[in-house]
Amino acid sequence: MPAPTRGRLALALCVLLSTSVQADDAASAPTARLLDKVSVLGSRIVGGGAAAALPVATVDRAQIQATGATNGNELFRSLPQFGDVAVTEKGTTNAGRNSNVARGDVGAINLRNLGAKYTLLLINGRRTVQHPISNSGDNTTYNANAIPTFGLERIDLLLDGAASIYGADAIAGVTDLITPTNLEDGGGITLRYGAVQDGHREDVSLEGYIGRDFAGGRGNVSVLYGVSTRTAQHNSDAWFTATDGRRVLADGTRVPDPDGTTGFTTRTPWGHFDTYVDGRRTGSWHIDPATGALAPGQVPTRYHYDAGAEPGITTAPAIDKGNVFATARFDLDDRRQLFGELGYYRAQSQSWVSSEAGFGGDGFVLHIRPDAYWVPDALRGADAIRLLNYQFADSGIRRVRVDNSQSRALLGLRGWTDSGWNWETALLYSRARSTDRQQGGFTDAFIDAVNRTDASAYNPFSGGDPASIRVGDATPSDTAAFIGEATREGTAELALWDFKLDRPDLLSWYAGDIGLAAGVEYRYESRFDDRDRNIDGTTPYVDWYTGTVAQSNFFTHSPRPDVRGSRNVTSALIELAVPLVAPVHDVPLVRSLDLQIAARYEDYSDAGDVAKPKIAAAWGVNDSLLLRGSISGGFRAPGLELVNAPPTYGFGFNNDAVRCHALVVKGAHPGYTACLNAYSNGSQVKPSVSAVTAYGDDVAPETTRQSSWGAVFEPRFLRQGLGHLRLSVDAWRIEVENPIGTMGEEVLYDAYLRVVEGRSNPNVVRAPVTAEDIALFEGSGIAPAGVVTHVYDTYRNRQPLTASGVDYRLAWRLRETAWGDFALLLDVSRLKAYTQHKPIEVQQVAEAIDSGALDIVAANLGAANEVGINGAKPEWRGSATLLWQRAGWTVRLRDDYIGSVTAGAYADRSPFVVPSTQRWALSVAHAFTRGPLAGTTVDVGARNLFDTSPPLNAAGHYLTALHESYGRYLHLGISRTW
């Protein structure tokens, strides 16, 4: 092992894997040993005073253990510096019934609540691969659940813009996961069991580590490993997921709705059948649950299906997974060292979603022939019978299987020179893959089955279950002919080579040593998304009656094309650490003043090149007070999936605002909301629309400006018996100057143009005007408009997005007292503003609504601070952790706080406030140091100690991006070291 060179080498403690009770527990931590090097997050130069300018927060092993988290998703949810988790393990689209989003063992990492795509994730200081499936468009993320939380030594958070140091997507900050290295000879193993007190979820895991020296201590191999299995959590485990029907009480709480009139899907096994003659609708029908006979009109709302109540549906999937992560080093001589990493993660999940459903969109133009076997006599005179909003309750719940894997291999060489230079180079390859298999219905096979002319035909006219009108089917038909499995496979790759060198004392001048770091990096990124042939357009469905071609042949799935793309990125970095004032100068109120000056150049093969600077300063006022601040620029290229995807078609029901405006103006309805309530999906007012999104040709990469400023107070004057106290406060501001996004309000803008300017929006395509359209608009003063068929929405650079906030931290530690060691850790993050100016077109719509020119209701159209609204961005998040340790005993008590938000509105349009939450965790551990149990630790605890249910929004649903759905979770761990 080479001797320490110019401060580059340092002594550090190797922290034991999860078997240790606390990082500084002498009874369970390995002996201190000389490590290879010490790095500082946010700087390539170690030892300079400029590092103090960086707002770096460290979450150590004791804090990680105090959260009680079983995976990365739960861990990052509990850290207040992170925001909502938009990517969840079940998926959010259609309650997890749609593979167009990432699901399975996956969770997002979202610093500052700015969005997951603006957070960079490192493992031991270098990049890792992103999850291969995004939540559509540009919403990329790293997979928090691919992290072996049991093996983390600590998490370092750089709460500052760092694009100039680490490159693109380090805009909101950097998360660096540090794993133990150089573990001494020996090992440890931990067996854990946990279960939700009232529910199906159970966890069993086996975790451990092995450390081995070789070649007389010149080399070391350290291996972390873990396997776990988890049973699924069911909808029936909690009242707020056991049914979709809930209503609001006067005090704002939500309870199950005994009348069954709110919250349910419009789908129903009692049918919605429209008859057509010569292409015109001639009537609507359904099956009467009381008589089982055909009845005119649409199904009453009390018969709508309760998709959340089907037995066996899961809120969270069952997951089996394993992790292994190995690090190694070998000293070639006194000046060179080989090092490497190997990691592999794999998780297989299984969840169950509700029975199949047929919507009324372009992908589901389902027409039954009048001569089909089960068609009632009253409908046989039609040319065709269209099936709308039908619930295939007889298909039963459907299985979703997701296989996620991620691998990492790194080989590097570092060295030290006699002249004081430290250098390092490495090759890295990382690959992630996700395979999503879902059961569902194939449209062409269904049409063949329903249109048979013998008794083997599928029967949609039999209704559901009269004894349970909102769940199940008492007269099921065989769905085997058209229920199958569709597969989506995504792959992401990252290959990287870098070379970097630094010297903390390149030059010496009046204030001390000037440090320099420089480096170059080349990386290759690729993404391949392979959709099922029934979804990517390879096997389209052609409707026999209208000739409509639907590119998706799979129920509930919009068509999605395959996407393949890659890019090369070449970059160069230079950084200086410059002291301006040193303590020896004895300047009043300026004990020290240090600068960090950095710049990075990046050249993207598909997005051009850019250079971005950063300057940061650390002003030591005295021994106890430090002031710091930084200004930097950032750059982010759009995601590969977005850039390389052809136009994407989706379908759904849109409110055609101009029609309700016309009906209100002519007095047919008292107001806009009343108009919408009078029409069902599939009507003229709520037509089935194909939405087409595309990436604009003139889209430029996003550029950003970041700044932060703060203070650190460590009162050195406190006597030793009062412990060590550290207080910090850091304010920050981020502006994305030209964020990439869609307008999202094309239909509203079309209403504005038609009402105010007498023209139309070319991005809204309508069918030819019919006599029915003319009658609807007559007397309104507005030219008749056909039914909306397509809406084109293009990704472009939009108006600036600005976010700002403040982070508060307090750490107090008192050691070696008669009562033991104590620690109190407080973290509070406030999101003060999150404001994006809307496109000019949307602002025009908002102004017309405010002036009364447009008689429609549309919330949040203006440029407004979105903190606390829309259910995703609470103003305040915080955590408090209390640790006590004495004589082998450790107690951890933690409180996680999430502030209130508004999500939805009451009937009078007043905001519906989702209250704040607190979830407590408590654990107690004892490490045996003598006798036959020496080296054994027992750990028991509870997560969500007081069994707190998550608050619900106006629709009666818990906010999956903010809150966890399970109640009190009890856990037990037994570990052994040797």
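What you see is a predicted model; the values in this text were computed from it and never measured. Numbers given to residues run from 1 along each chain, matching the order in which its sequence is written. The predicted origin of the model limits local features to residues at a pLDDT of at least 70 and limits the giving and counting of side-chain atom pairs to 80 or more, whereas totals for whole chains, interfaces and linings rest on all residues. With hydrogens and water excluded, all non-hydrogen atoms of the structure serve as input to the side-chain values.

Q: Just give me the short version of the overall build of the protein chain, but keep the residues and values in it.
A: Helix and strand definitions here come from DSSP, where helices need a minimum of 4 consecutive H or I residues and strands a minimum of 2 consecutive E residues; each element is numbered from the N-terminal end. Across its full length, the protein chain carries ten helices and 49 strands. Here the globule rule reads 2.2 Å times residues to the power 0.38, and the radius of gyration is calculated from C-alpha atoms. Over its C-alpha atoms the protein chain spans a radius of gyration of 31 Å, differing by no more than 12% from the 30 Å that the globule rule assigns to 978 residues. Counting only C-alpha atoms and orienting by the principal axes, one finds that the protein chain spans roughly 95 × 65 × 50 Å. A buried classification covers 57% of the 978 residues belonging to the protein chain. For this analysis, residues touch if any pair of their heavy atoms sits within 4.5 Å. Of all intrachain contacts in the protein chain linking residues separated by at least 6 positions in sequence, the fraction that spans at least 24 positions is 73%. Each residue is placed in one exposure class: buried if its accessible area under a 1.4 Å probe, protein chains only, is under 20% of its type's maximum, exposed if it is over 50%, and partly exposed if it falls in between.

Q: How would you summarise empty space enclosed by the protein if you had to cite specific residues and measurements?
A: For cavity detection a 1 Å grid was placed over the protein atoms alone, and a set of points counts as a cavity when a 1.4 Å probe fits there but cannot get out; an open set counts as a pocket when protein lies on both sides within 12 Å along at least five of seven lines, with lining residues being those that have an atom within 4 Å of a point. Grid points are joined across faces, edges and corners, and a volume is the space filled by probe spheres set on the points. For the structure on display, the rule yields 17 cavities of 30 Å³ or more. Approximately 730 Å³ is the volume found for the largest cavity. Along the wall of the largest cavity there are 43 residues; nearest its centre are A69, T70, R192, S205 and E207. As a working rule, the residues Ala, Val, Leu, Ile, Met, Phe, Trp, Tyr, Cys and Pro are called nonpolar, Asp, Glu, Lys and Arg charged, and the rest polar, with Gly in that last group. Across the lining of the largest cavity, the residue classes break down as 13 nonpolar, 21 polar and nine charged. There is about 320 Å³ of room inside the second largest cavity. Along the walls of the second largest cavity sit 23 residues, with Q130, D169, E525, R527 and R567 positioned nearest its centre. For the lining of the second largest cavity, the secondary structure elements donating two or more residues are β26 (483–509) and β27 (512–530). Broken down by element, the lining of the second largest cavity gets its largest block of residues, four residues, from β27.

Q: With reference to specific residues and values, describe helix α10 (residues 840–851).
A: Residues lying three or four places apart along an α-helix face the same way, a consequence of the helix completing one turn every 3.6 residues. Between its first and last C-alpha, α10 extends 16 Å over twelve residues, near the 16 Å set by a 1.5 Å rise per residue. Listing the buried residues of α10 in full gives V842, V845, A846, A848 and I849. The buried residues of α10 occupy an angular sector of 160 degrees when projected down its axis, which confines them to one face. The exposed set on the far side of α10, more than 90 degrees from its buried face, consists of E847, D850 and S851. Contacts made by the buried residues of α10 are with α8 (746–757). Residue G852 follows α10 closely and has a positive phi angle near 90 degrees. Here, expected helix span is obtained from the residue count minus one, scaled by 1.5 Å. By construction, the arc corresponds to the directions joining the helix axis to the C-beta atoms.

Q: Kindly report on the packing of aromatic side chains, identifying the contributing residues and their values.
A: Stacked, edge-to-face and tilted are the three classes for Phe, Tyr and Trp ring pairs, Trp counted by its six-membered ring, which pair at centre distances within 6.5 Å; planes under 30 degrees apart are stacked, over 60 edge-to-face, the rest tilted. Within this structure, the stated rule accounts for 24 aromatic pairs. Centre to centre, the rings of Y749 and Y752 are 6.0 Å apart; their planes meet at 15 degrees, and the pair counts as stacked. A residue pair is termed a helical-turn pair when its members lie 3 or 4 positions apart in one helix, as Y749 and Y752 do in helix α8 at three residues. On the accessibility criterion, Y749 (12% relative accessible area) is buried. Cluster of aromatic residues (ring-pair linked, three or more members): Y390, F392, F446, Y458, F482 and F555. Here R201 stacks its cationic end above the ring of Y966, 4.8 Å away from the centre of that ring. For a lysine, the NZ atom is tested; for an arginine, the CZ atom; a charge sits over a ring if that atom is within 6 Å of the ring centre and within 35 degrees of the ring normal. One Lys or Arg, R919, reaches over the ring of Y966 and ends 5.5 Å from the middle of that ring.

Q: Report on the sheet that holds strand β6 (residues 154–158), specifying residues and quantitative values.
A: At least two DSSP bridges between two strands are needed for those strands to be called paired. Across the sheet, which stays open at both edges, the five strands sit in the order β3-β6-β7-β4-β5 with mixed pairing between neighbours. Each end of this open sheet is capped by a strand with a single partner; those strands are β3 (56–60) and β5 (126–127). For strand β4 (residues 119–123) and strand β7 (residues 173–178), the ladder comprises five bridges, and the chain directions are parallel. If you follow L120 over to β7, its bridge partner there is V174.

Q: So, the sheet that holds strand β15 (residues 280–287): which residues are in play, and what are the values?
A: Within the open sheet, the five strands sit side by side as β16-β15-β14-β22-β21. Their pairing is antiparallel. Every interior strand has two partners, whereas the edge strands, β16 (294–296) and β21 (366–368), have only one. Each adjacent strand pair in this sheet contributes to an overall mean axis angle of 35 degrees, direction not counted. Axes here mean lines fitted to C-alpha atoms, for a helix over just the part in contact, with angles spanning 0 to 180 degrees between N-to-C directions. Against the sheet, helix α4 (residues 443–450) makes contact with β21 and β22 (384–387), and its axis sits at roughly 15 degrees relative to β21, the strand it touches most.

Q: Please provide a residue-by-residue account of a nonpolar patch on the surface, values included.
A: On the surface, L191, Y193, V204, L206 and V227 cluster together into a nonpolar patch covering about 410 Å² of accessible area. Breaking the nonpolar patch down by element, the ones donating at least two residues are β8 (186–196) and β9 (202–214). Following the sequence through the fold, Y193 ends up in strand β8. Only residues whose relative accessible area exceeds 30% and that form no salt bridge are eligible for patches; like-charged ones are grouped when within 9 Å, while nonpolar side chains (Val, Leu, Ile, Met, Phe, Trp, Tyr) are grouped when within 5 Å. In this description, accessible areas are obtained by the Shrake-Rupley approach with a 1.4 Å probe, and a residue is regarded as covered only by the protein chains that are shown. Any carboxyl oxygen of Asp or Glu that lies within 4 Å of a side-chain nitrogen of Lys or Arg is treated as forming a salt bridge with it.

Q: Just give me the short version of the environment of W920, but keep the residues and values in it.
A: You can see W920 is positioned in strand β47 (residues 917–927). Relative accessible area serves as the criterion here: at 28%, W920 is assigned to the partly exposed category. A sequence separation of 22 residues divides W920 from A942, and the C-alpha atoms of the two residues are 8.3 Å apart. Setting aside residues no more than four positions away along its own chain, W920 makes contact with L893, R894, D895, A942, R943, N944, L945 and F946.

Q: I'd like a rundown of the nonpolar core, residues and numbers included.
A: The definition of a nonpolar core used throughout is a set of buried Ala, Val, Leu, Ile, Met, Phe, Trp, Tyr and Cys residues joined through side-chain atoms within 4.5 Å. Counting residues in each nonpolar core, the largest one holds 44 residues, and the members touching the most others are F76, I109, L114, I155, Y166, V174 and L177. A per-element tally of this core places β4 first, with four residues. Apart from residues no more than four positions distant in its own chain, F76 is found in contact with F82, I109, A144, I147, I155, T175 and L177. Ranked by size, the runner-up nonpolar core spans 29 residues in total, among them Y303, I368, F446 and I535.

Q: Describe in detail the packing of helix α6 (residues 657–665) against α8, supporting the description with residues and values.
A: At a closest axis distance of 8 Å, the pairing of α6 and α8 adopts a crossing angle of 45 degrees. Viewed along their axes, α6 and α8 adopt a mutual orientation that is oblique. Within the contact between the two elements, α6 uses A657, V658 and H661 and α8 uses V747, L748, A751, R754 and V755. Class assignment for the residues of the contact of α6 with α8 results in six nonpolar, one polar and one charged. Note on terminology: angles under 35 degrees are roughly parallel, angles over 145 are roughly antiparallel, angles of 65 to 115 are roughly perpendicular, and the others are oblique.

Q: With reference to specific residues and values, describe unusual backbone geometry.
A: Even without glycine at this site, R112 takes up a positive phi of about 65 degrees. By the secondary structure assignment, R112 is in the loop between α2 (72–77) and β4. Using a relative accessible area of 7% as the deciding quantity, one classes R112 as buried. Although it is not a glycine, D947 adopts a positive phi angle of roughly 55 degrees. One can find D947 in the loop between β48 (936–943) and β49 (969–977).

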